[in-house]
Amino acid sequence: MDGELKNPLRDRDAWSMANCSVARTLEIAGNRTALLIMREAFLGTRRFDDFARRVGVGEPAASARLKELTAAGLLERVPYQEPGQRTRYAYRLTEKGRDFLPVLTALRQWGDTWAADEQGPPLVVRHKDCGAEVHAVLRCDDGHDVPRGASSVEAGPGLIRVAPDSP
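Keep in mind it's a predicted model, so treat the numbers as computed, not measured.

About the criteria used
- Residues numbered from 1 in each chain as written.
- Predicted model: local features only at pLDDT ≥ 70, side-chain atom pairs only at ≥ 80, totals over all residues.
- Heavy atoms only, no water.
- Helix = DSSP H or I, 4+ residues; strand = E, 2+ residues; numbered from the N terminus.
- Rg over C-alpha atoms; globule rule 2.2 N^0.38 Å.
- Buried < 20%, exposed > 50% of the residue type's maximum accessible area, 1.4 Å probe, protein only.
- Contact = heavy atoms within 4.5 Å.
- Axes fitted to C-alpha atoms, helices over the stretch in contact; angles between N-to-C directions.
- Parallel < 35°, antiparallel > 145°, perpendicular 65-115°, else oblique.
- Nonpolar A, V, L, I, M, F, W, Y, C, P; charged D, E, K, R; others polar.

(A) Spatial organisation of the overall build of the protein. Broken down by element type, the protein carries seven helices and four strands. Reading the protein from its N terminus to its C terminus gives the helix and strand order α-β-α-α-α-α-β-β-α-α-β. At 21 Å, the protein has a C-alpha radius of gyration far larger than the 15 Å of a compact globule built from 167 residues. Across its three principal directions, the C-alpha atoms of the protein cover 70 × 40 × 30 Å. Taking all 167 residues of the protein together, 20% fall into the buried category.

Listed below in structure tokens is the structure:
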């Protein structure tokens, strides 16, 4: 039993993926428009029309994704009013939304390596203090960078095991 708890990969068919963190994240922000809206929010876009234009989607799609991202707590609506105009809403990243930055950084980094055209990446993100490029890395809680192949998977407290199929 102890080996089973240490190496849950041996019997993945016994897992229920009902509470998979990857699947849950994809439900929140796993389509192209949602990811591009999050990109734009990190680049400073705040207003509805700007999101729709910069992401290249129609108003219904932009509205639906912004509502979903707001309901999921990644963005919040903030009222503003231009002189002589009705009150409108801007969108601002929440703490939960700001914590999404490593996800976008990893996607950008992969795209820069494997999907950019021959001219290279369209944007380079740099550390303000030293000017070095910013990258997503795997790092353990003790501060060590973890190279590919140097990690293991263990059962977490939320892993749901299902009964094996009966003959």
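Read on, since the account is not over.
(B) Spatial organisation of the environment of Arg47. Position of Arg47 relative to the elements: it lies in the loop between helix 3 (32–42) and helix 4 (48–55). With 25 residues separating them in the primary sequence, Arg47 and Val22 have C-alpha atoms 29 Å apart. Ignoring any residue separated from it by four or fewer positions in sequence, one finds Arg47 in contact with Tyr80 and Glu82.

(C) Structural view of the packing of helix 3 against helix 7 (residues 101–114). For the pair helix 3 and helix 7, the least separation of the axes is 11 Å and the interaxial angle reads 105°. By the angle between their directions, the pair helix 3 and helix 7 is classed as roughly perpendicular. Every residue of helix 7 that contacts helix 3 at Leu35, Met38, Arg39 and Phe42 is listed here: Leu101, Leu104 and Leu107. Its residues assigned to classes, the contact of helix 3 with helix 7 comprises six nonpolar, no polar and one charged.

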